[in-house]
Amino acid sequence: PNPLHFLHMPTVPPIEKAPERNSEQPSDPQTLKELQTSAKAVKFMEMYALFMDEYGGDALASLIPALGDGASSIASFLVELQQASKAGLPWSDRLGILLNQATDFGIGTIPIVGDMGDYFYKSNVKAKNRFVAHFRRQLLRAWKEGKIQESDIPELEKLSGIEIQKPVKKKM
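Residues numbered from 1 in each chain as written. Predicted model: local features only at pLDDT ≥ 70, side-chain atom pairs only at ≥ 80, totals over all residues. Heavy atoms only, no water.

(A) Focus on the overall build of the protein chain. Per the secondary structure count, the protein chain includes seven helices and two strands. Counting the 172 residues in the protein chain, one finds 42% classified as buried. Across the protein chain, every contact between residues at least 6 apart in sequence was considered, and the portion connecting residues at least 24 apart equals 77%. Carbon and sulfur atoms provide 64% of the accessible area of the protein chain, an area that totals close to 9900 Å². (Helix = DSSP H or I, 4+ residues; strand = E, 2+ residues; numbered from the N terminus. Buried < 20%, exposed > 50% of the residue type's maximum accessible area, 1.4 Å probe, protein only. Contact = heavy atoms within 4.5 Å. Areas by Shrake-Rupley, 256 points an atom, 1.4 Å probe, with all protein chains shown as cover.)

(B) The arrangement of the confidence of the model for the protein chain in detail. For the protein chain, per-residue confidence averages 82 on the pLDDT scale, and 81% of positions sit at 70 or higher. Confidence over residues 4-13 falls short of pLDDT 50; this stretch has 19 contacts with residues more than four positions distant or in other chains. (pLDDT = per-residue confidence, 0-100.)

(C) Main features of the packing of helix α4 (residues 91-108) against helix α6 (residues 123-144). Where α4 contacts α6, the axes come no closer than 9 Å and their chain directions differ by 170 degrees. On the basis of the axis angle, α4 is roughly antiparallel to α6. Of the residues in α6, those touching α4 at Ser-92, Asp-93, Gly-96, Ile-97, Asn-100, Gln-101 and Asp-104 are Ser-123, Asn-124, Lys-126, Ala-127, Arg-130, Phe-131 and Arg-137. Partitioning the contact of α4 with α6 into residue classes produces three nonpolar, six polar and five charged. (Axes fitted to C-alpha atoms, helices over the stretch in contact; angles between N-to-C directions. Parallel < 35°, antiparallel > 145°, perpendicular 65-115°, else oblique. Nonpolar A, V, L, I, M, F, W, Y, C, P; charged D, E, K, R; others polar.)

(D) Main features of α6. Along its 22 residues, α6 runs 32 Å from first to last C-alpha, staying within 8% of the 32 Å computed at 1.5 Å per residue. Judged by how many residues are buried, α6 sits mostly within the fold: 16 of 22 residues are covered. (Expected span 1.5 Å × (residues − 1).)

(E) Fine view of the pattern of salt bridges. Scanning all chains against the criterion turns up four salt bridges. Between Asp-93 and Arg-130 there is a salt bridge, and its shortest N-O distance comes to 3.0 Å. Residue Asp-93 is found in helix α4, and its partner Arg-130 is found in helix α6; the two are separated by 37 residues along the sequence. Like Asp-93, the residue Arg-130 is buried in the burial classification. Among the charged side chains, a network of salt bridges with common partners joins Asp-93, Arg-130 and Arg-137. (Salt bridge = Lys/Arg side-chain N within 4 Å of Asp/Glu carboxyl O.)

Have a look at this one:
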């Protein structure tokens, strides 16, 4: 295995087959609460990445030489770490977020070229993608273990702001 595997964007298996279960079995409240918290973190990270990377909040901060890049990277890392803690992201993803922010800071410190590189690197979007991948893994695991029902999915979609591919029941 690659020792730097956490730097690469995680791949998320699609939700393909639903296990057979009693449709009247209620969802596990603890699992549902964890998924709701993770969905809210995904939504927050979507908005944060949109502001910082798409609307140029990070690039704007980098106009203040050295201090702007440092302040932006530290603030982004602390915000992302706090959300990662809420969502229960694994430590490998948290380390990947730290390394992405450090890379973003390093790129941004290069005079003139760094401002353009900072705009195109989009470390906050990469962090958001880690949150989405984690949320989908949680959802898949909960679905396979029978801890959530199909009726829970619309609420999770609304909370996360992402479309969730609904599990398909296995045809016999």
